[in-house]
Each structure stands twice: as C-alpha cells, then as structure tokens.
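Fold and contact review
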Amino acid sequence: MTTPLAEVLDGQHAAELRKAARALLKQPLLLANGTHADEFRLVRRHASELREWFDRNTGWPLQIDAETARLGKIPVRLTDATHPAREATRSAAPFTRRRYVLLCLALAALERGEAQIALGRLADQVVLDAADPQLAAAGIRFTLDRRDERLDLAAVVRLLLGLGVLRRVAGDEDAYVSGAGDVLYDVERRVLAGLLATRRGPSTIRARAMEERLAELTAETALDSDELRFRAMRRALTRRLLDDPVLYYDELTDAELGYLTRQRGFLTARITELTGLVAEVRAEGIAMVDPEDDLTDIRMPESGTHGHITLLLAEHLTAAGGFVTTAALERRVADLASEHGGFWSKSAREPGAEGELVEQAVARLAALGLISRTPEGVVPRPALARYAVGPTVVVEPGAAATTAVPAPRKAGRR
C-alpha cells in the first residue's frame, strides 16, 4: 500500500527538525560557511519552530541571521567546572584560570579592534588591559614574556579559530610562541557579537562576589506568580535533562522534585519528540540516553589507554561501594599496569604516571555525573552502577526490577 504523500512529507519534516535541533545542542554556534554549513541551513529552514521550542521549554534564545545561528545555552549549575573549554588541538588541554582571563581580555580587545589583527598586536592589547589594578589585586599578571604565557594566548586564539571568531590569513601560532614570526587574522564580527550568552549585559551587574555576579547575569524575570514559577521550573528541569548526563533527584529542591514527579512524562516526551533522546528512569534520577551516541562531548567507554583505565577504575569504584582516596586509586592503577600495561601507551607505563592517569579518569567520571569529587578522593554516584562487573539490579519506585547495562548516552554540555 502506498504511503500518502502527506505522511511522507510530515516524516521528512520531523526528521529535519530533529537533525537541526541536535546540531544546535552539539554546536550552539553554527556558521553558514564551514564544516557545519549543512546543519546551519537546516536550522535556518526550521528557525521558527526551533526558536519557539527552545524559548518555551528551556528559555535559551535562538538568534539566526544570514551568517550565524546561535543558541544561547545557559546551564542551570553555574559553578559546575567539569566541562572546561579546551583548545582546538589534539592535546585538547582544558582551560586554566589564566586562559579564561586571557580569553576575556582577547575578546574585549577584538571588540574594540579593526577587521584584521595580528597576534602580536592582540598580545600587546592583552598585556595593556591586564595591567588593570583590579586584576593585579586578584593576583593575575600577564607579560607574555614567558613561553608558557604565549602558549596560553595561542590556546585562546585556537579556541577562537575553532569557534569562527577568527580566520587565519597568514602565519602560524607556533611561530609566534617560539618568537620566530607573527600571525594575521580576519575578525568575524558577527560571530564575535553572538558569543555572549547572558540575560543581562555584564556592565549592568553591581554584585562583587562571583556567585552573585553569575546569578545576576542569568537571572530570569521576577517570579511573582505561580505560572512564572512553574515556567521557571519547567525550563530549569528541561535544561538539565538536555545538558547534564544525569539528573539526580537529591540535587533538586522539594518544589522541583514535586513538579518533576507530576510532569516527568510530559517533559521527557517533549525532549524525545524533538531530539530522539530516550528517558532512562531509575530510583535515583533520570538520564536521557542517546541511541545514536553522538550527542555528547564525552564518551564512555572510549578506546585508547585513558579510556581503558577509566573503565577499569569505574568497575573498581562500583565494587568499592563508597569513598575511595586518590592515593588508593593511584595504587590501583599501578596494580592494573602489571596486568594490562601491555595494551597501554608507553607513557602510561612510566613510573610515577599514576597520578596523571587517575586525574584524567576521575575528571571524566565526574563530568559524566558518575562520581563526586572531594579534596581527598571520590565518592561513587548511583549511575556508576551501570559499569559494574556483572548485572546490577536497580529499582524505580513503583516499577519492576531492571538490570543496568552500559548503553549509548547523552552527556555533557558545550
């Protein structure tokens, strides 16, 4: 029997809309020219529906013009440091505090600058702005005389290249770092203008403490009615379901938990309809699993030495069932090296490498919501049970027992 044309067209429309939404969640800044040009065209084609959905369900604004599409993603947990910015190189080193400050200073200099700028000129502007007494009082100082400082600036520039804010015209950052040359860039001003994702301009903020400043930057309108309060909870919960690897019930307020209990089916169905993510509901919380396994910035399990060590430590932590010190994890990695070292990289087998190997594994597990970190070690979270050796039975309230097994999942934010 022939499928009616209307059903075919509806199916194509839904598939395109889903692909466009997933593209925005993976890459909140899309450019008309570049590696994501096809996704940009889809987003622009379905701009009206996407803008309405994200505004109603998340409060994230979607701004689209002829050259850029920008989803203004704002996380619920503003102090979560488990997903740092990373330079666009194979090393993918996470940004440090100094690199974040350099990024802000570089963006300010680019905003004031011309359509083209040399890296040396940008460095001069950054050094000049870094002399601000408030930065000095905070213990921040830049001269860019040292190689490590120039490496940090080069990392910032590579991040901006990856975002499309800068376009390299001539030269190479490595030459600048070594003092052997300079680099010339075009500044894409439309992309630059769309980077800031706040509800208020930073210059309007009067608070001085960091947490208070972040709260003011992202504060919604006054919640002076039940309707507005329910809307704020719906948006906050949807943002967490979309953006966080796991939404744990014990991290919610009583009001949020009550709202989620009543509206869970509606919230998860709306997300599934738009994105294809599937709700996995457990006794401790909800994870939106991705059957396509690409709507994430961190994967587990993952191939390679670090992926293998992370999985082995996850199994170890699951069996431990409670707090484990960092020193104990390092001893465990040393023991694992004797058994599995033949499959690991040479550097991972070097004496004393345990500390760095544990740090990378723990950072990954924390970013996936599988553990909590303390100054002395780590505490397993319930979702880690899916990486236990053998079946682990978990029960959702009011439901039959189910067996947790590893599955593709959504995790992380961009």
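Reference entry: report on the structure contained in this document.

**Thoughts on the environment of P75**
Note on placement: P75 falls in the loop between β3 (68-71) and α4 (97-112). Separated by 15 residues in sequence, P75 and W60 place their C-alpha atoms 9.6 Å apart.

**Side note on the sheet that holds strand β12 (residues 377-380)**
Strand order across the open sheet formed by three strands is β10-β12-β11, with antiparallel pairing between neighbours. A single partner strand is all that each edge strand has here, and the edge strands are β10 (324-325) and β11 (371-373). Relative to β12, β10 is paired through two bridges, and the arrangement is antiparallel. Along β12, the bridge assignment pairs V324 with V378.

**A few points about unusual backbone geometry**
The phi dihedral of L144 is positive, around 60 degrees, even though this residue is not glycine. Structurally, the position occupied by L144 is in the loop between α6 (133-137) and α7 (147-163). Here L144 falls in the buried class, since its relative accessible area comes to 7%. Positive phi, close to 60 degrees, is recorded for D293, a residue that is not glycine. Along the chain, D293 turns up in the loop between β9 (285-289) and α13 (305-320). Here D293 falls in the partly exposed class, since its relative accessible area comes to 31%.

**A look at the side chain of T268**
Along the chain, T268 turns up in helix α12 (residues 254-275). When its relative accessible area of 10% is taken as the criterion, T268 is described as buried. Each residue touching T268, except ones within four places of it in the same chain, is listed here: L241, A279 and M288.

**What to know about the pattern of salt bridges**
One pass over the structure, following the stated rule, counts 34 salt bridges. In this structure, D148 engages R146 in a salt bridge whose closest nitrogen and oxygen atoms are separated by 3.0 Å. When its relative accessible area of 41% is taken as the criterion, R146 is described as partly exposed.

**Things to note about the pairing of β9**
Burial runs high along β9: five of the five residues are buried. A two-sided burial pattern is seen for β9, the buried positions comprising G285, A287 and V289 on one face and I286 and M288 on the other. Of the pairings in the sheet, the one linking strand β7 (residues 247-248) to β9 comprises two bridges and is antiparallel in character. Directly across from L247, in β9, lies its bridge partner I286. For strand β8 (residues 278-281) and β9, the ladder comprises four bridges, and the chain directions are antiparallel.

**Here we look at helix α15 (residues 354-367)**
Compared with an ideal rise of 1.5 Å per residue, which puts 14 residues at 20 Å, α15 spans 20 Å between its outermost C-alpha atoms and is within 8% of the ideal. Those residues of α15 lying buried are L357, V358, A361, V362, L365, A366 and A367. If you follow the buried residues of α15, they end up packed against α13, α14 (326-340), β11 and β12. Immediately downstream of α15, the backbone of G369 shows phi near 75 degrees, a positive value.

**Points about the sheet that holds strand β2 (residues 62-64)**
Across the sheet, three strands lie side by side as β1-β3-β2; this open sheet has antiparallel pairing. Both outer strands of the open sheet, β1 (29-31) and β2, are each paired with one neighbouring strand and no more. For this sheet the average axis-to-axis angle between neighbouring strands, irrespective of direction, equals 5 degrees. Examined bridge by bridge, β2 and β3 share three bridges and lie antiparallel to one another. Note that in β3 the partner of L62 across the bridge is L71.

Basis of the calculations
Residues numbered from 1 in each chain as written. Predicted model: local features only at pLDDT ≥ 70, side-chain atom pairs only at ≥ 80, totals over all residues. Heavy atoms only, no water. Helix = DSSP H or I, 4+ residues; strand = E, 2+ residues; numbered from the N terminus. Pairing = 2+ DSSP bridges. Buried < 20%, exposed > 50% of the residue type's maximum accessible area, 1.4 Å probe, protein only. Contact = heavy atoms within 4.5 Å. Salt bridge = Lys/Arg side-chain N within 4 Å of Asp/Glu carboxyl O. Expected span 1.5 Å × (residues − 1). Axes fitted to C-alpha atoms, helices over the stretch in contact; angles between N-to-C directions.

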